[in-house]
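Observations on the model geometry
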Amino acid sequence: MTATFVGMPAFPAAARTALADTQLRQNLAHATGTIRAKRAKVVGEVDEWEELRLAGAAIKDNTLHHLDEHLVRLEASLQERGAVVHWARDAAEACAIVAEVVRSHDVEEVVKVKSMATQEIGLNEALAEEGILAWETDLAELIVQLGDDLPSHILVPAIHRNRAEIREIFRREMGKVGRPAPEGLTDVPAELAGAARLHLREKFLRAKVGISGANFAVADTGTLVVVESEGNGRMCLTLPEVLISVVGIEKVVPTWSDLDVFLQLLPRSSTGERMNPYTSTWSGVTPGDGPQEVHVVLVDNGRTNALADEVGRQALRCIRCSACLNVCPVYERTGGHAYGSVYPGPIGAILNPLLRGVGDDAQVDSLPYASSLCGACFEVCPVRIDIPEVLVHLRSKVVDAHRDQRPPKAEAVAMKSAAWAFSDARRLDLAERASGLFGRIGRRRRSLPGGRRALGRLPWPGSLWSDARDLPRPPAESFRAWWKREGR
């Protein structure tokens, strides 16, 4: 896959392009609507759902407050069971560790379980530079990879594709990298899944190295957990001789009893199921059973920066269920690519700036504004991340990061001008009179043939703002003027 998020435009520009794609919007509306309905049904069956949410949030918060202790215990538990533990400060270090392990076994290809952590660090691309092919085995990830595309959803990376498009990708691309699609393949979902199964089976059987992430890591026992719906993950976790697991440091939970809470929250919030069809757990090496060499790469890559942010650290509770994406009115209309990251939607709008920092990249700085602040994301989040609160917090950090920018942003100039006008009664009076003048011009322009175009390039100062927001034009007469006129 050569497609990349690097160099993508800021959210407003990318969203404008996405909004013009009617097929994309149709695909997204259908898929997110279906997932929302399934989630609502199974969540409604649980009387203590809110108590589970509170428990999940409390466990995560307590773990994050003592993260150093739990990570040390996780490392010791993994080593006791024969796993090799590596620590990676950033994406480059993590990719280098994985590449070195793969090269040491003299192989040119690996099979992968769907993993947000490996996408985040750009592992496939890094391995490709070393001459190593990484085959995605999740059905949706396979679609994205064969289509030289980018993922647009945390749970369903190919949500922006419909089944007719998938059929064409399979027919066109499968034969180039392995077993071709069957003759006469239709767009019936069962046939598409069958074609993927046949294509992937030969890769599973010949692979010597498998790569995974982990949904959770239990510190007490050194157990890694992957939940999935297709069975491809279990094939990757059990068939290869060598297993490399790339795990974000926030994935740790202290005990199995803590894990129990999340195994109830995650499937209902993600796929709308009461439980995941496949829940795989492994603890190091078991002689004669599964991989006989296990490596675990614990990745920071900005997580300690997020942990240091007292408001933003709650984002590290995230269990990657994607419920917030499926209810977000912004995501439903623009899709995931507009966010320019493997983490799209509301959680991506806060997680990316927290991990990467603000003030250096216009694309990252635009993400906290990619929201209507409606609060639907908080209502469905299984670990009660107050995403709107974090979005507002990050907006303030973006503004602070650009306060000394030269030349200043238009927003900064407008705010300073407002402060100057509001700090003096005479200046405020003049500003009110000027706004009344522009209000009269605006009404006159609307009454002329052609509306706004009638006066060419003479918009009132708030027109660019009000084009996309509900902002009334100023009245022709200010309150002060009315007061004087009435002799009050």
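Residues numbered from 1 in each chain as written. Predicted model: local features only at pLDDT ≥ 70, side-chain atom pairs only at ≥ 80, totals over all residues. Heavy atoms only, no water.

Focus: the packing of helix α3 (residues 49-65) against helix α12 (residues 256-270)
To be explicit about the condition: Axis definition: a line fitted to C-alpha atoms, limited for helices to the stretch in contact. Angles are taken between N-to-C directions and run from 0 to 180 degrees. For the purposes of this entry, the term helix denotes a DSSP run of H or I that reaches at least four residues, the term strand denotes a run of E that reaches at least two, and both are numbered from the N terminus. Under this scheme an angle from 65 to 115 degrees is roughly perpendicular, one under 35 degrees roughly parallel, and one over 145 degrees roughly antiparallel; angles in between are oblique. Take the far helix as your reference; a near helix turned counterclockwise from it by less than a right angle gives a left-handed crossing, and one turned clockwise gives a right-handed crossing. When checking whether two residues touch, look at their non-hydrogen atoms; a contact exists if any pair is within 4.5 Å. Each residue is assigned to one of three groups, with Ala, Val, Leu, Ile, Met, Phe, Trp, Tyr, Cys and Pro labelled nonpolar, Asp, Glu, Lys and Arg labelled charged, and all others, Gly among them, labelled polar.
At a closest axis distance of 10 Å, the pairing of α3 and α12 adopts a crossing angle of 125°. Considering their axes alone, α3 and α12 lie oblique with respect to each other. Here the hand of the crossing between α3 and α12 comes out left-handed. Facing W49, L52, R53, A55, G56, I59 and K60 of α3, the residues of α12 in contact are D258, V261, F262, Q264, L265, R268 and S269. Class assignment of the residues belonging to the contact of α3 with α12 gives a composition of seven nonpolar, three polar and four charged.

Things to note about the side chain of S152
Put simply, the rule is: Each polar contact in these results corresponds to two N or O atoms within 3.5 Å; when the atoms are within protein, one needs to be able to donate a hydrogen and the other to accept it, and residues that are neighboring in sequence are counted only if both atoms are side-chain atoms.
Structurally, S152 can be placed in the loop between α8 (139-146) and α9 (163-177). Side chain to side chain, S152 and H160 meet in a polar contact 2.6 Å long. When sequence neighbours within four positions are dropped, the list of residues in contact with S152 reads P157, I159, H160, Y331, G336, H337 and P344.

Topic: the environment of G436
The residue G436 is located in helix α21 (residues 425-447) in this model. When the C-alpha positions of G436 and E477 are compared, they lie 5.7 Å apart, and in sequence the two are 41 residues distant.

Here we look at the packing of α8 against α9
Helix-helix packing: each pair is described by the crossing angle between the helix axes and the interaxial distance. The interhelical angle for the contact between α8 and α9, taken along N-to-C directions, is 75°, at an axis separation of 9 Å. Of the possible angle classes, the one that applies to α8 and α9 is roughly perpendicular. Here L139, L142, I143 and L146 of α8 come into contact with α9, specifically with I166, I169, F170, E173, M174 and V177. A breakdown of the residues in the contact of α8 with α9 according to their chemical character gives nine nonpolar, no polar and one charged.

Focus: unusual backbone geometry
Even without a glycine there, the phi angle at D148 is positive, about 50°. In this structure, D148 sits in the loop between α8 and α9. If you check the backbone angles, R320 has positive phi at about 60° while not being a glycine. Residue position: R320 is located in the loop between α13 (303-308) and α14 (323-327).

What to know about helix α5 (residues 91-103)
Helical geometry note: an α-helix holds 3.6 residues per turn, so side chains three or four residues apart project in the same direction. In plain terms, the rule: Take the residue count of a helix, subtract one, and multiply by 1.5 Å to get its expected span. When a residue's accessible area, from a 1.4 Å probe over protein chains only, is under 20% of the maximum for its type it is buried; when over 50% it is exposed; and in between it is partly exposed.
Taking 1.5 Å of rise per residue, 13 residues should cover 18 Å, and α5 covers 18 Å from first to last C-alpha, within 8% of that figure. Considered for burial, the residues of α5 that qualify are A91, A94, C95, I97, V98, A99, V101 and V102. Contacts made by the buried residues of α5 are with β1 (84-88), β2 (109-112), α7 (123-129), β4 (209-212), β7 (242-248) and β10 (293-299). N-capping of α5 is provided by D90, with a side-chain oxygen placed 3.3 Å from the backbone N of A92.

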